[in-house]
Amino acid sequence: MLTSTERILTTHVGSLPRSEALSDLLVRREAGEAYDADLLDAEMDAAVRRSVERQRQAGIDIGNDGEQQRVGFQTYVPQRMAGFGGISRRPRGREFEELPELVAYLTRRFPHRSRHQNAPACQGELRYLDIEPLEREIARFKGLAAAPAAAAGAFAESFMTAPSPGIIATTMLNQHYSSHEAYLAAIAREMRHEYQAIHRAGLLLQIDAPDLAMERTMLFRDLTDSAFVRQCELGVAAINAGLEGISRERVRLHVCHGNWEGPHIHDIALEVILPVLYQAKVGALSIELANPRHAHETAALKANPLPADMLLLPGVIESTSNFVEHPQVVAGRIAAAVAAVGDRERVIASADCGFGTFANREWVIEPVVWLKLKALRDGADLASARLWGRGAP
């Protein structure tokens, strides 16, 4: 995994805004409706090319395809794996039940959404069907990222995301296996195909595991904190099983409390789950440290020091507001993360979460996303000047 002895590197969490045309085609494909496959291919080519170019222009060091080729970060899985059908009817978070006005607001704002609350359920034995769609994603990204016209601004390193067994299990609910643990084991066994394919392609693998924090307010909201920690341990064990044979230095783990604009008053404290997150056999941990609900949690990192073999990818720009962070604010957040870790070379500046988690559900308008990523770069440069003793503007 890339590090630097000279400056703070920049990355992001994965998903970036999709065009309306691409989103509509992806949603149609997910719903099993008629769509123009050639047109979808052309839209994905254009979208990945644009995503790569805009990341480079913003100064991102470690980039990806923006998840332009997927309808959602985890809900694409039933398109590639046998055993899913029907509807899950996933429970909403506590705040949505307590604040019906929030539900009404979201319904008005996002009337045409992909299937993330009503995704298919697991109704039979899981079996991965075809790795070719993922291989096409990888080939498209690598081909466009290496295009001669863009070679001068190539990413220093590239990554690709894949969902954790836990977030698949809590999105596509279990109606077949004898227990949640058995379901996790089956998902880990089958998702290993994707994890290995991304690794074989020479890309950093990012495991997206919001379940390790977010599900405290959703599927597991009736548990105590200690009981939820036990569920997190099962989730991390499933991740580790799926990663078997992949060096931890080639894997990063993203954990968050859910990427929506809401009060988040029931989010579990980072300090409660952090020791479990450290059990993951990964080389880097990506967490939220920018939004108003979690910006204080560098204190948890001081109380529970980051393992020596892990990097930290702190969120220093947030992903649900059209405010553009001032570079000085970003630099201050980076400095706080470095102070918590105690090593400037083990911190890579990032975002709280993705900017295009699901098709047709972007909180931040596209032009502002690029401004935020530019502020991330500018803030990292300010922080680098201070941390390496080169002075600051």
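Up top you'll find the structure we're talking about.
Residues numbered from 1 in each chain as written. Predicted model: local features only at pLDDT ≥ 70, side-chain atom pairs only at ≥ 80, totals over all residues. Heavy atoms only, no water.

A. Looking closely at the overall build of the protein. Along its length, the protein carries 13 helices and 10 strands. Taken against the 2.2 N^0.38 rule, which gives 21 Å for 393 residues, the C-alpha radius of gyration of the protein at 20 Å falls within 12% of a compact globule. When its C-alpha atoms are laid out on the principal axes, the protein stretches across 60 × 50 × 45 Å. Of all 393 residues assigned to the protein, the portion counted as buried reaches 59%. Intrachain contacts of the protein at a sequence separation of at least 6 include 84% that bridge at least 24 residues. (Helix = DSSP H or I, 4+ residues; strand = E, 2+ residues; numbered from the N terminus. Rg over C-alpha atoms; globule rule 2.2 N^0.38 Å. Buried < 20%, exposed > 50% of the residue type's maximum accessible area, 1.4 Å probe, protein only. Contact = heavy atoms within 4.5 Å.)

B. Local environment of the packing of aromatic side chains. In the structure shown here, the tally under the stated rule is 4 aromatic pairs. Ring geometry for F73 versus F358: centroids 5.9 Å apart, planes at 50 degrees, classification tilted. Taken together, the residues span a long stretch of sequence, with F73 in the loop between β2 (62–63) and β3 (81–85) and F358 in the loop between β10 (348–351) and α13 (366–387) at a distance of 285 residues. The two residues F73 and F358 agree in class, both being buried. Relative to Y183, the ring of Y177 has its centre 5.8 Å away and its plane inclined at 20 degrees; by these criteria the two rings are stacked. For the pair shown, Y177 and Y183 are each scored as buried. (Phe/Tyr/Trp six-rings, centres within 6.5 Å; stacked < 30°, edge-to-face > 60°.)

C. Looking closely at helix α1 (residues 20–31). Look at α1: 16 Å from first C-alpha to last across 12 residues, which is about the 16 Å you get at 1.5 Å a residue. On its buried face, α1 is in contact with α2 (37–58). Phi turns positive, to about 75 degrees, at G32, one or two residues after α1. (Expected span 1.5 Å × (residues − 1).)

D. Region of interest: empty space enclosed by the protein. Under the criterion given, the structure shown has 5 cavities of 30 Å³ or more. Of the volumes computed, that of the second largest cavity is approximately 70 Å³. G166, T170, H180, L184, D211, L212, F220, F228, Q231, C232 and G235 together form the lining of the second largest cavity. Where the lining of the second largest cavity is concerned, the elements lending two or more residues are α6 (165–171), α7 (180–200), α8 (211–214) and α9 (225–242). Among the residues forming the lining of the second largest cavity, the class breakdown is 5 nonpolar, 5 polar and 1 charged. (1 Å grid on protein atoms, 1.4 Å probe; cavity = no way out; pocket = protein on both sides within 12 Å on 5 of 7 lines; lining within 4 Å. Points joined across faces, edges and corners; volume = space filled by probe spheres on them. Nonpolar A, V, L, I, M, F, W, Y, C, P; charged D, E, K, R; others polar.)

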